[in-house]
Amino acid sequence: MNAASPMHTAYEDFLVAEASSELKHEWCDGVVYAMSRGTPEHGRLTLAIGAALLVALRGLCTGFGPDTMLYVETAKLSTYADASFVCGAIETKKVIKNGKSLGEAITNPTVVVEVLSEGTERYDRDGKFQAYKTLASLREYVLVSQDQRAIEVYRRATDGAWSCETAGPGGSVTIHGAAISVDDVYA
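Structure report, in brief. (Residues numbered from 1 in each chain as written. Predicted model: local features only at pLDDT ≥ 70, side-chain atom pairs only at ≥ 80, totals over all residues. Heavy atoms only, no water.)

1. Observations concerning the overall build of the protein
For the protein, the helix and strand inventory stands at five helices and 14 strands. Relative to the globule expectation of 16 Å for 187 residues, the C-alpha radius of gyration of the protein, 17 Å, shows essentially globular dimensions. Expressed as lengths along the three principal axes of its C-alpha atoms, the size of the protein is roughly 50 × 35 × 30 Å. Of all 187 residues assigned to the protein, the portion counted as buried reaches 40%. When the accessible area of the protein is evaluated, it comes to approximately 9800 Å², of which 53% is carbon and sulfur surface. (Helix = DSSP H or I, 4+ residues; strand = E, 2+ residues; numbered from the N terminus. Rg over C-alpha atoms; globule rule 2.2 N^0.38 Å. Buried < 20%, exposed > 50% of the residue type's maximum accessible area, 1.4 Å probe, protein only. Areas by Shrake-Rupley, 256 points an atom, 1.4 Å probe, with all protein chains shown as cover.)

2. Comments concerning helix α2 (residues 40-56)
When the terminal C-alpha atoms of α2 are compared, their 24 Å separation across 17 residues agrees well with the 24 Å that a helix rising 1.5 Å per residue should span. Those residues of α2 not exposed but buried are His42, Leu45, Thr46, Ile49, Gly50 and Leu53. For α2, the arc enclosing every buried residue in end-on projection is 125°, short of the 170-degree limit, so these residues lie on one face. Residues of α2 that are exposed and point more than 90 degrees away from the buried face comprise Pro40, Leu47 and Val55. (Expected span 1.5 Å × (residues − 1). Arc of directions from axis to C-beta.)

3. Concerning the state of the cysteines
Going through the model one piece at a time under the given rule, you end up with one disulfide. Two residues, cysteine 61 and cysteine 87, share a disulfide whose sulfurs are 1.9 Å apart. In this structure, the disulfide formed by cysteine 61 and cysteine 87 twists by about 95° around the S-S bond and is classed as right-handed. Of the two residues, cysteine 61 is situated in the loop between α2 and β3 (62-64) and cysteine 87 in the loop between β6 (83-86) and β7 (92-97); the sequence distance between them amounts to 26 residues. Of all cysteine sulfurs in the structure, the one in cysteine 87 sits closest to cysteine 164, which takes part in no disulfide; the separation is 19 Å. (Disulfide = S-S within 2.5 Å.)

4. Some details on the pattern of salt bridges
Taken as a whole and assessed by the stated rule, the structure comprises ten salt bridges. Arginine 44 is paired through a salt bridge with glutamate 41; the nearest N and O atoms lie 3.0 Å apart. Here glutamate 41 and arginine 44 lie together in helix α2, a separation of three residues that amounts to about one turn. Given the relative accessible area of 32%, arginine 44 is considered partly exposed. Residue glutamate 41 is classed as partly exposed on the basis of its relative accessible area, which comes to 28%. A salt bridge links glutamate 114 to lysine 128; the shortest N-O distance between them is 3.0 Å. Of this pair, glutamate 114 sits in strand β9 (residues 111-115) while lysine 128 sits in helix α4 (residues 127-133), and the two are 14 residues apart along the sequence. By the burial criterion, glutamate 114 is buried, and lysine 128 matches it. Ionic contacts of the salt-bridge type, sharing partners, join the residues Glu121, Arg125 and Glu152 into one network. (Salt bridge = Lys/Arg side-chain N within 4 Å of Asp/Glu carboxyl O.)

Following this line, the structure appears as C-alpha cells:
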C-alpha cells in the first residue's frame, strides 16, 4: 500500500473512535471519511423537515435525528442521515466486544431524509442513494434543497421501481401518506 492509499479501519475500531469523536464520520468498507459540518440553513431545514414529519407520522413511525447512525450491510456503509424514520419494529446492528457495547446503528429505515448542500449534493444523489436503495425497508428517500424551495421524494413501488415526486413553492409532497407543505418547511 502506498502513502496515497486509504488506511483500512475495522468497523469495531471505527465505532470506538466515533464514540469519543466531536466530529461525525462515515465508514465505507473500512475507509473512514470525515463528514462536513452543516450551515445554519442546513440545520434549520433539517429541523423543519424532521419536525414536520415527526408530527405527520406520529403513531405510524419512529423518527430519528442526525446523530443516529444508519448501517447498510450490503454496501458496508455506516453513515448519518439528516433524519430517518422507521415504520414498524426497529432493527439495529449492535457491536459488542468484551461485554461492552461499541455502538448501535439502525438497519431498517423506511424514510431517509437528506438536506442537500453544495459539498454533499452529488454524493447524496448518487453514492448514498445507491447504497440506501439496497435496504429492503426503504420506501422513500427525501431530498431537501438549500438553494431553492424544493423537495424531492424518491419512492419505491411494490415492483421495486423508483419514481420521483417534486414540489416547489406553494406545493406539497406526500411522504409515507402524509402531505408535507414545501412552504411550511421553508417558513
